[in-house]
Amino acid sequence: MRKAIVLLTGMSVMVACADAVKAPRLGDVRLRGALAEKADTFLDRRIVDFRGRDNIFEEARRAFVLRDDDECPWDGQWRGEFWGKSMICAARAADYLDDSVLKAWIVDECRRLIATKDAGGYIGSYSVMTNCSTPPSVVAAHKGACTNWNLWNRKYMIWGLFMAFRTTGDKTLLEAAAGQLEQLIDMVRSNGIRLEDTGHHTLNGMPTMSILKPTLMVYEATKKAKFLEFAESIVRGWDRADGRAPNFFRNAGSGKPLHAWYPQPERWAKTYEMLSCLDGLVEYHRVTGDRRALETVIVIRDNLDRTDGNSIGGLGISDRLLGAENFAYASTEVCDVIHWIRLNVDLYLVTGDDRYLDSVEFSYFNAFLASIYRNSGWTPLIVRDAGRHRHSLGQCGYAYNHCCVDNAARTFMDVASVAVTRGADGVFHVNMYQDATVTLDGVRFEVRGDYPARGRVTVRVVGRTADGADPAVVFRKPGWCPKMDVSRGANGVYALDFDMNPRLTERTVKPSSAPAAEAAATQKFGADRFVFIADPDLRKSLPKEAYATVQWGPLVLARSARLGTCRKELESFPSVNGKGYKASLKPISAHGVYAPFEVELSKPGAETIRTKACSYESASDDPASRDGFIFSVRF
Ligand SMILES: [Zn+2]
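Reading the values: the criteria
- Residues numbered from 1 in each chain as written.
- Predicted model: local features only at pLDDT ≥ 70, side-chain atom pairs only at ≥ 80, totals over all residues.
- Helix = DSSP H or I, 4+ residues; strand = E, 2+ residues; numbered from the N terminus.
- Rg over C-alpha atoms; globule rule 2.2 N^0.38 Å.
- Buried ≥ 20, exposed ≤ 12 C-beta atoms within 10 Å, placed from the backbone.
- Contact = placed C-beta atoms within 7 Å.
- Pairing = 2+ DSSP bridges.
- Domains from an automatic or database assignment.
- Axes fitted to C-alpha atoms, helices over the stretch in contact; angles between N-to-C directions.
- Parallel < 35°, antiparallel > 145°, perpendicular 65-115°, else oblique.
- Left-handed = near helix turned anticlockwise from the far one by under 90°.
- Nonpolar A, V, L, I, M, F, W, Y, C, P; charged D, E, K, R; others polar.
- Expected span 1.5 Å × (residues − 1).
- Core = buried A, V, L, I, M, F, W, Y, C linked by C-beta atoms within 7 Å.
- Arc of directions from axis to C-beta.

**Brief notes about the overall build of the chain**
Phase 1 of the analysis: Along the backbone of the chain there are 20 helices and 23 strands.
Phase 2 of the analysis: Expected size for 635 residues packed as a compact globule is a radius of gyration near 26 Å; at 24 Å, the chain falls within 12% of this value.
Phase 3 of the analysis: The proportion of buried residues among the 635 residues of the chain is 52%.
Phase 4 of the analysis: Put simply, 67% of the contacts in the chain that link residues at least 6 apart link residues at least 24 apart.

Here it is, written out as structure tokens:
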């Protein structure tokens, strides 16, 4: 609901902006149907069932007990991020499931974490509290093989405690989050630490400065001026006369693709950390009403969508914004998909502009769900467009945690939170068509039809608004859909018929605008990030030319070993990109995959190519074997 609240602070007059649309309580949404089984199983294995949960949290908490992330002082680890990420997910899941037993456990677990606080009031995973940057001389001495995640880890710990407070209402958790934030700010100030120099030495402080969002959330709950001043200092750090990266405010209007803002995007343009900073700027707009912050994020989001969106619904190549438009293939760190969805959900809530939901839908049904292994509580690190995903056995010597798997559960709740919303004018918006039941302001919406495998959806609307009126409802027309018919039948049941627009989506690879040697280095970096050390066999399958994809509604389809397609055909399918083919799809039945089709690719005068394909997420959602090649979206 759009309303303005004027706040007077010591520094300025602020006009806080409430969101443009109202989202339901998470506990009043339940995702359903075949695709919701992934959510149910994932939440169960990692959060609800104590057998999985206790292993995960006991291991994650150990980082704060042992404080061994800086065992090697110049090459620090990030074990300390696991607890906070997992707690944010647990808190959101407790809201979604309305689970009072889980909420009670959350309070207990936070108290165990708080008990690791030392006499100086510090909770952290680095034994030396002030070890939060790497001096240039040390970087040079170790030839760049250095990193530091101390303040990034603390950001997640503070955020986890705050989300636990928000879910449980336990004020001691808010006091702990605020106390740690204050301790961090005091420590930074008293030691003269410049945030832009902290964290990994090539990232210009982005990991640390992404603390902007939790800082503002804690500020909103406490109204402590110190937190707002700290947030303002972070924002000023992105509006710089010296031009230091990422300088969001001054670069956004340059018209250049983000990956070309500075040379060597492989060094500075780390996707997840940058998206986390942008999410903080959206929150800054919410709290202060600063339009420039919001407009800057929107321009950058559109830039990324245009120049770094890849064929599987991810962003960039592996974990960098290298300019996916310059690459013939796609791979994305799962954290990057999670935060791309998060940013677009937030922009939708703040602006009410449903074009952001097209990005949410595309990334969720493809790259995100592909990362949720079936019947499992595990994800890979990187999802790829062909072969197999980049599996992880855990990070930093841990067995139950890695950066992506600890982040993933949140996305189900992010998507659930915008399934149905309500505008300031009282109109309800049905946005997402995966089977779901949502209650908002006393009106229940039952969405059914197994979308997006099928194109006919029914939405049953039960109840009346508070003033006794028949609820006014509008339905989002997805960007990929050329025609959507809505009809209203008896008993408040709407029928929606989507033209699922079966299509061959063709691509061109744009030449890089960087000098040749630099462009070649970026391409080499991308290829190395695609294969990683563990999967060198996949290098030979990297395409030199752009390929097309086959799409059904929002789904990217993949050829799959699960449909009986042999490895040779998966690896060496001839490209039809740019050759004038058309795709036609016929639904078939097949066990163990979602949305299977017979695919015909035809053009006049050429032999018709026939194959089978199914949703990319169900073609690829298992760890595969060490040298397996089980799917491909390349046509
Ligand atoms: Zn990750």
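**Observations concerning the sheet that holds strand β10 (residues 428-430)**
Phase 1 of the analysis: The strand order across the open sheet formed by four strands is β3-β9-β10-β14, and the pairing between neighbours is mixed. A single partner strand is all that each edge strand has here, and the edge strands are β3 (21-22) and β14 (473-475).
Phase 2 of the analysis: In the sheet, β10 pairs with β14 via three bridges, with the strands oriented parallel. In the sheet register, Val-430 faces β14, and the bridge partner there is Phe-475.

**As for the domain arrangement of the chain**
Phase 1 of the analysis: With domains assigned, the chain is organised as domain 1 (428-451 + 456-498) and domain 2 (503-509 + 545-632).
Phase 2 of the analysis: Using only C-alpha atoms to locate each centre, domain 1 and domain 2 end up separated by 32 Å.

**Comments concerning the packing of helix α15 (residues 334-351) against helix α16 (residues 355-371)**
Phase 1 of the analysis: Running from N to C, α15 and α16 point in directions that differ by 155 degrees, and their axes come no closer than 9 Å. With respect to their mutual orientation, α15 and α16 come out roughly antiparallel. α15 and α16 meet at a crossing whose hand is left-handed. Packed against α15, whose contacting residues are Val-334, Val-337, Ile-338, Trp-340, Ile-341, Asn-344, Val-345, Leu-347 and Tyr-348, the element α16 presents Tyr-356, Leu-357, Ser-359, Val-360, Ser-363, Tyr-364, Ala-367, Phe-368 and Ser-371 at the interface.
Phase 2 of the analysis: The residue makeup of the contact of α15 with α16, split by class, is 14 nonpolar, four polar and no charged.

**Some remarks on unusual backbone geometry**
What is expected of a backbone is that most residues other than glycine have negative phi and most peptide bonds are trans.
Phase 1 of the analysis: Of note, the bond from Ala-245 into Pro-246 is cis; its omega dihedral lies within 30 degrees of zero at 0 degrees.
Phase 2 of the analysis: Inspection of the secondary structure puts Pro-246 in the loop between α10 (225-236) and α11 (248-251).
Phase 3 of the analysis: Residue Pro-452 follows Tyr-451 across a cis peptide bond; omega there is 5 degrees.
Phase 4 of the analysis: Positive phi is not limited to glycine here, since Asn-247 has a value of about 45 degrees.
Phase 5 of the analysis: Mapping Asn-247 onto the fold places it in the loop between α10 and α11.
Phase 6 of the analysis: In this structure, Ser-318 is a non-glycine residue whose phi angle is positive, near 50 degrees.

**Concerning the sheet that holds strand β12 (residues 443-448)**
Hydrogen bonds between backbone atoms are what pair the strands of a sheet, whose relative direction is either parallel or antiparallel.
Phase 1 of the analysis: Here we have six strands laid out as an open sheet, ordered β4-β11-β12-β13-β16-β15, and antiparallel in their pairing. Both edges of this open sheet fall to β4 (29-31) and β15 (484-488), since each of them pairs with a single strand only. Within this sheet the neighbouring strands show an average axis-to-axis angle of 15 degrees, counted without direction.
Phase 2 of the analysis: Pairing of β12 with strand β13 (residues 456-462) involves five bridges; the strand directions are antiparallel. If you follow Glu-446 over to β13, its bridge partner there is Arg-460.

**Examining the packing of helix α9 (residues 212-222) against helix α13 (residues 271-288)**
Phase 1 of the analysis: Running from N to C, α9 and α13 cross one another at 25 degrees; their axes reach a closest spacing of 7 Å. By the angle between their axes, α9 is roughly parallel relative to α13. Along the contact surface, α9 presents Leu-212, Lys-213, Leu-216, Tyr-219 and Glu-220, while α13 presents Cys-277, Asp-279, Gly-280, Glu-283, Tyr-284 and Val-287.
Phase 2 of the analysis: The class makeup of the residues in the contact of α9 with α13 is six nonpolar, one polar and four charged.

**Let's talk about the environment of Pro-246**
Phase 1 of the analysis: According to the C-beta neighbour criterion, Pro-246 is buried, with 27 such atoms within 10 Å.
Phase 2 of the analysis: A sequence separation of 132 residues divides Pro-246 from Trp-378, and the C-alpha atoms of the two residues are 33 Å apart.
Phase 3 of the analysis: With residues up to four places along the chain from it excluded, the contact list for Pro-246 reads Asn-204, Met-206, Trp-238, Asn-251 and Met-274.

**Some thoughts on α13**
Phase 1 of the analysis: Across its 18 residues, α13 extends 26 Å between first and last C-alpha, which sits within 8% of the 26 Å expected from 1.5 Å per residue.
Phase 2 of the analysis: With respect to burial, α13 is a largely interior element, 17 of its 18 residues being buried.
Phase 3 of the analysis: Phi turns positive one or two residues past the end of α13, at Gly-289, with a value near 75 degrees.

**Concerning the pairing of strand β9 (residues 420-423)**
Phase 1 of the analysis: Where β3 meets β9, two bridges bridge the pair, whose relative direction is antiparallel. Counted as the bridge partner of Lys-22 is Arg-422 from β9.
Phase 2 of the analysis: Here three bridges tie β9 to β10, and the two strands are oriented antiparallel to one another. The partner of Val-420 across the bridge, within β10, is Val-430.
Phase 3 of the analysis: Between the end of β9 and the start of β10, which pair antiparallel, lie four residues, with Gly-426 showing a positive phi angle near 90 degrees.

**Here we look at the nonpolar core**
Phase 1 of the analysis: Counting residues in hydrophobic clusters, the biggest one holds 187 residues, and the most contacted among them are Ala-93, Leu-161, Ala-177, Ala-231, Leu-557 and Cys-614.
Phase 2 of the analysis: Top contributing element to this core by residue count: α15, with 12 residues.
Phase 3 of the analysis: Three or more residues apiece are contributed to this core by two domains, here domain 1 (428-451 + 456-498) and domain 2 (503-509 + 545-632).
Phase 4 of the analysis: Contact partners of Leu-557, with chain neighbours within four places excluded, come to Val-550, Gln-551, Trp-552, Phe-597, Ala-613, Cys-614, Ser-615 and Tyr-616.

**Observations concerning the environment of Met-413**
Phase 1 of the analysis: As for its placement among the helices and strands, Met-413 is situated in helix α17 (residues 409-417).
Phase 2 of the analysis: Using a count of 22 C-beta atoms within 10 Å as the deciding quantity, one classes Met-413 as buried.
Phase 3 of the analysis: With 324 residues separating them in the primary sequence, Met-413 and Cys-89 have C-alpha atoms 8.8 Å apart.
Phase 4 of the analysis: Excluding residues that lie within four positions of it along the chain, Met-413 makes contacts with Leu-26, Arg-92, Ala-93 and Tyr-96.

**Here we look at helix α1 (residues 36-48)**
Phase 1 of the analysis: The terminal C-alpha atoms of α1 lie 16 Å apart, and with 13 residues this falls more than 12% below the ideal 18 Å at 1.5 Å per residue.
Phase 2 of the analysis: Listed in full, the buried residues belonging to α1 are Lys-38, Ala-39, Phe-42, Leu-43, Arg-46 and Ile-47. Looking down the long axis of α1, one finds its buried residues gathered within 120 degrees of arc, a one-sided arrangement.
Phase 3 of the analysis: The inward-facing, buried residues of α1 abut β4, α2 (50-66), α3 (80-97), α16 and α17.

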